[in-house]
Amino acid sequence: PLLYDRQVFKKVGNYQALRNFSCTVNAGDVVGIADRVGTGKNALIRMLNGKVAPDRGEVWLNGRKLQWPFPSVSSGIRVVYEKPALADSLNITNNIFLGQEIHRGGLLKWLNIPHQRQMDQQAAQVLGWLGATLPSLHAPVGNLTDEQQQLIALAHAKVSQANLMVIEDPSP
């Protein structure tokens, strides 16, 4: 399995947020966890983001037992929050490729000039895969709705080769 949680317990303050939580997620699975407010979903997300450890239990990712704190991004985990952290003044494509830009090759390689046309093409492909209908790829993300911004954050996770995408709230 890609992700395996076994008998995870987590207390938040005096509240037992997770009690004997277990799940298995295989590559390609789409899993939704829905329940009332205050039932431990956020505690689980914070664990998968590498920020807080369970009080008891084990969490395995790609056959490796996680030890906290851990770097979620380099572990292949991307968390898309209800209000994702995006660069509002940058356009859609540049937000999707932020920190992982595609650079021109050849004689200009040493200048690290982004290959905007190639990034635009790949951004359009990923957004199409997500079924996203957005204005021009050159529109600033600050002008988009919260739902559209979540799609941009998902596209960013997709181009970064994330193994596991966790969405805090898919319907703002």
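Here we summarise the structure given alongside this text. (Residues numbered from 1 in each chain as written. Predicted model: local features only at pLDDT ≥ 70, side-chain atom pairs only at ≥ 80, totals over all residues. Heavy atoms only, no water.)

A full pass over the atoms with the stated rule returns one aromatic pair. Between Trp68 and Phe70, the ring centres sit 5.6 Å apart and the planes meet at 70°, which makes this aromatic pair edge-to-face. In this arrangement the basic side chain of Arg56 is found over the ring face of Phe9, its NZ or CZ atom lying 3.9 Å from the centre. (Phe/Tyr/Trp six-rings, centres within 6.5 Å; stacked < 30°, edge-to-face > 60°. Lys NZ or Arg CZ within 6 Å of the ring centre and 35° of its normal.)

What the second largest pocket holds in volume is close to 410 Å³. Along its surface, the second largest pocket is lined by 20 residues, and Arg78, Val79, Ala85, Ala153 and His156 are the ones closest to its centre. Counting residues per element, the ones that place at least two in the lining of the second largest pocket are strand S5 (77-80) and helix H4 (146-159). Here the element with the most residues in the lining of the second largest pocket is S5; it accounts for four residues. (1 Å grid on protein atoms, 1.4 Å probe; cavity = no way out; pocket = protein on both sides within 12 Å on 5 of 7 lines; lining within 4 Å. Points joined across faces, edges and corners; volume = space filled by probe spheres on them. Helix = DSSP H or I, 4+ residues; strand = E, 2+ residues; numbered from the N terminus.)

Looking now at the sheet that holds strand S4 (residues 64-65). An order of S2-S1-S3-S4 is seen for the four strands of this open sheet, with the pairing classed as antiparallel. The sheet is open, and its two borders are formed by strand S2 (15-25) and S4, each paired with just one other strand. The pairing of strand S3 (residues 56-61) with S4 spans two bridges and is classified as antiparallel. The residue of S4 that forms the bridge with Leu61 is Arg64. Sheet contacts for helix H1 (residues 41-48): strand S1 (3-12), S2 and S3; angle to S1, the most-contacted strand, approximately 120°. (Pairing = 2+ DSSP bridges. Contact = heavy atoms within 4.5 Å. Axes fitted to C-alpha atoms, helices over the stretch in contact; angles between N-to-C directions.)

This next bit is on the pairing of S1. Sheet topology note: the S1/S2 ladder contains seven bridges and is antiparallel. The residue bridging Val12 from the neighbouring strand is Tyr15, located in S2. Linking two consecutive strands that pair antiparallel, namely S1 and S2, is a turn of two residues; a positive phi of about 65° is found at Gly13 within it. Examined bridge by bridge, S1 and S3 share five bridges and lie antiparallel to one another.

Here we come to the pattern of salt bridges. Scanning the entire structure with this criterion turns up four salt bridges. The salt bridge partner of Asp55 is Lys10, with a shortest N-O separation of 3.4 Å. Within this pair, whereas Asp55 is found in the loop between H1 and S3, its partner Lys10 is found in strand S1, the two being separated by 45 residues in sequence. By relative accessible area, Lys10 is classed as buried at 13%. Across the pair Lys65 and Glu58 runs a salt bridge whose closest N-O atoms are separated by 3.6 Å. Several salt bridges share partner residues, and in doing so they unite Arg6, Glu58 and Lys65 into one network. (Salt bridge = Lys/Arg side-chain N within 4 Å of Asp/Glu carboxyl O. Buried < 20%, exposed > 50% of the residue type's maximum accessible area, 1.4 Å probe, protein only.)

Now for helix H3 (residues 116-129). Between its first and last C-alpha atoms H3 spans 20 Å; for 14 residues at 1.5 Å apiece the expected length is 20 Å, and the two agree. Along H3, the residues that are buried comprise Met119, Asp120, Ala123, Val126 and Leu127. The buried residues of H3 occupy one face: seen down the axis, they fall within an arc of 130°. Of the exposed residues in H3, those oriented more than 90 degrees away from the buried face are Arg117, Gln125 and Trp129. (Expected span 1.5 Å × (residues − 1). Arc of directions from axis to C-beta.)

This part covers the nonpolar core. Ranked by size, the top nonpolar core spans 21 residues in total, and within it Leu3, Leu18, Ile77 and Val166 carry the most contacts. Taken together, the elements giving at least two residues each to this core come down to S1, S2, H1, S3, S5 and strand S6 (164-167). Every residue in contact with Val166, bar those within four places of it in the chain, is listed here: Ile45, Leu48, Ile77, Arg78, Val79 and Val80. Ile92, Leu127, Leu134 and Leu137 belong to the second largest nonpolar core, which has 17 residues in total. (Core = buried A, V, L, I, M, F, W, Y, C linked by side-chain atoms within 4.5 Å.)

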